[in-house]
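So you can see what is in the structure, the chains are spelled out below.
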Amino acid sequence: GNSVTQMEGPVTLSEEAFLTINCTYTATGYPSLFWYVQYPGEGLQLLLKATKADDKGSNKGFEATYRKETTSFHLEKGSVQVSDSAVYFCALSDPTNAGKSTFGDGTTLTVKP
Amino acid sequence: EAQVTQNPRYLITVTGKKLTVTCSQNMNHEYMSWYRQDPGLGLRQIYYSMNVEVTDKGDVPEGYKVSRKEKRNFPLILESPSPNQTSLYFCASSLGAGEVDTQYFGPGTRLTVL
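Trainee: Which residues make up the overall build of chain B, and what are the values?
Mentor: Looking only at helices and strands, chain B has zero helices and 11 strands in total. Counting from the amino terminus, helix and strand elements in chain B follow one another as β-β-β-β-β-β-β-β-β-β-β. Relative to the 2.2 N^0.38 estimate, which gives 13 Å for 114 residues, the radius of gyration of chain B is 13 Å and therefore close to what a compact globule would have. Taken along its principal axes, the extent of the C-alpha atoms in chain B is 35 × 30 × 25 Å. Split into buried and exposed, the 114 residues of chain B put 50% on the buried side. Residue pairs in contact within chain B that sit at least 24 positions apart in sequence constitute 54% of those at least 6 positions apart. Carbon together with sulfur atoms contributes 52% to the accessible area of chain B, which is approximately 5,400 Å² in total.

Following this line, the structure appears as structure tokens:
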């Protein structure tokens, strides 16, 4: 079956530091890839997505590139802010069954002033 | 305001007492899904629905039932809850069932089964 493996957390950074959260996946075919963010006490919301190889998703200073060769979709941000503190989930949609989604375990990011 | 709502937000119950968690969306979305979130396990899909009267199992369907009689509602039913169903539950919806569609999540329901 499909799987998503995320870099283990928690991750603690100082404000303005560079962020990378690693995500690799296993799937049959070419899934769509997503990053969702969950702020404390809230549901998940889409951060960015990419639907085919070499696509780059970007939003709010975050970026991730769909790498088919390495089956990866790492999340990056050049300069984090305290307001970026949240849990980040990498996810994929099954290319052979549109209804099925697989999420990673989530990575908790804390940014300190 | 476009949103997914869930009720109740918090529930404490006892083993074996049937319960229903409601989910409703006002975006005319075709696709709806239920997930549970547990520490160290991320989000796991319970059931999903591609459209009215069409439902299918996710990765962890045991102990749960769903129905989709109307497009906007997708209730999650626990016929005989057990302590291992203590979890944080999220409902989500998306415009279509296509793999590229963004899912919109509800605020979550925290369930404790004693």
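Now that the structure is up, let's keep going.
Trainee: Outline the interface of chain A and chain B, supporting the account with residue identities and numerical values.
Mentor: Buried accessible area, meaning the area lost when the parts come together, often serves as the stated size of an interface. At the interface, 25 residues of chain A touch 25 residues of chain B. Taking both partners together, chain A and chain B bury about 1,800 Å²; carbon and sulfur atoms supply 45% of that area. At the junction of chain A with chain B, the criterion picks out one salt bridge. Measuring nitrogen to oxygen at the nearest pair gives 3.0 Å for the salt bridge that ties Lys 100 of chain A to Asp 59 of chain B. In this assembly, chain A and chain B are joined by eight residue pairs in polar contact (both at pLDDT 80 or more). Of all the secondary structure elements, the ones that give two or more residues to the side of chain A that touches chain B are β5 (32–38), β6 (44–50), β10 (86–93) and β11 (101–103) of chain A. Of the residues that constitute the side of chain A that touches chain B, the class distribution is 10 nonpolar, 10 polar and five charged.

Trainee: Give me the lowdown on the nonpolar core, citing residues and values where you can.
Mentor: One finds Trp 35, Leu 47, Leu 48, Phe 73, Leu 75 and Tyr 88 of chain A to be the most contacted residues of the largest nonpolar core, which totals 26 residues. When residues of this core are assigned to their parent elements, the largest contribution, four residues, is made by β10 of chain A. Of all hydrophobic cores here, the second largest spans 19 residues; its members include Met 32, Ile 46, Tyr 64 and Phe 74 of chain B.

Trainee: Hey, could you go over the pairing of strand β8 (residues 62–65) of chain A for me, with residue numbers and the actual values?
Mentor: Residues and elements named next belong to chain A. Examined bridge by bridge, strand β7 (residues 56–59) and β8 share four bridges and lie antiparallel to one another. Directly across from Ser 58, in β8, lies its bridge partner Glu 63. Here β7 hands over to β8 after two residues, with Lys 60 in that stretch at a positive phi of 55 degrees.

Trainee: Give me the lowdown on unusual backbone geometry, citing residues and values where you can.
Mentor: Look at the link from Gly 9 of chain A to Pro 10 of chain A: it is a cis peptide, with omega at -10 degrees. Among the secondary structure elements, Pro 10 of chain A is positioned in the loop between β1 (3–6) and β2 (11–14). Between Asn 7 of chain B and the following residue, Pro 8 of chain B, the backbone shows a cis peptide bond with an omega angle of -5 degrees. Phi is positive for Asp 54 of chain A, close to 75 degrees, though the residue is something other than glycine. Along the polypeptide, Asp 54 of chain A turns up in the loop between β6 and β7. According to the relative accessible area criterion, Asp 54 of chain A is exposed, its value standing at 52%. In this structure, Asn 28 of chain B is a non-glycine residue whose phi angle is positive, near 60 degrees. Inspection of the secondary structure puts Asn 28 of chain B in the loop between β3 (19–25) and β4 (31–38).

Reading the values: the criteria
- Residues numbered from 1 in each chain as written.
- Chains lettered and ligands numbered in written order.
- Predicted model: local features only at pLDDT ≥ 70, side-chain atom pairs only at ≥ 80, totals over all residues.
- Heavy atoms only, no water.
- Helix = DSSP H or I, 4+ residues; strand = E, 2+ residues; numbered from the N terminus.
- Rg over C-alpha atoms; globule rule 2.2 N^0.38 Å.
- Buried < 20%, exposed > 50% of the residue type's maximum accessible area, 1.4 Å probe, protein only.
- Contact = heavy atoms within 4.5 Å.
- Areas by Shrake-Rupley, 256 points an atom, 1.4 Å probe, with all protein chains shown as cover.
- Buried area = accessible area lost by both parts, 1.4 Å probe.
- Salt bridge = Lys/Arg side-chain N within 4 Å of Asp/Glu carboxyl O.
- Polar contact = N/O pair within 3.5 Å; in protein donor to acceptor, adjacent residues only side chain to side chain.
- Nonpolar A, V, L, I, M, F, W, Y, C, P; charged D, E, K, R; others polar.
- Core = buried A, V, L, I, M, F, W, Y, C linked by side-chain atoms within 4.5 Å.
- Pairing = 2+ DSSP bridges.

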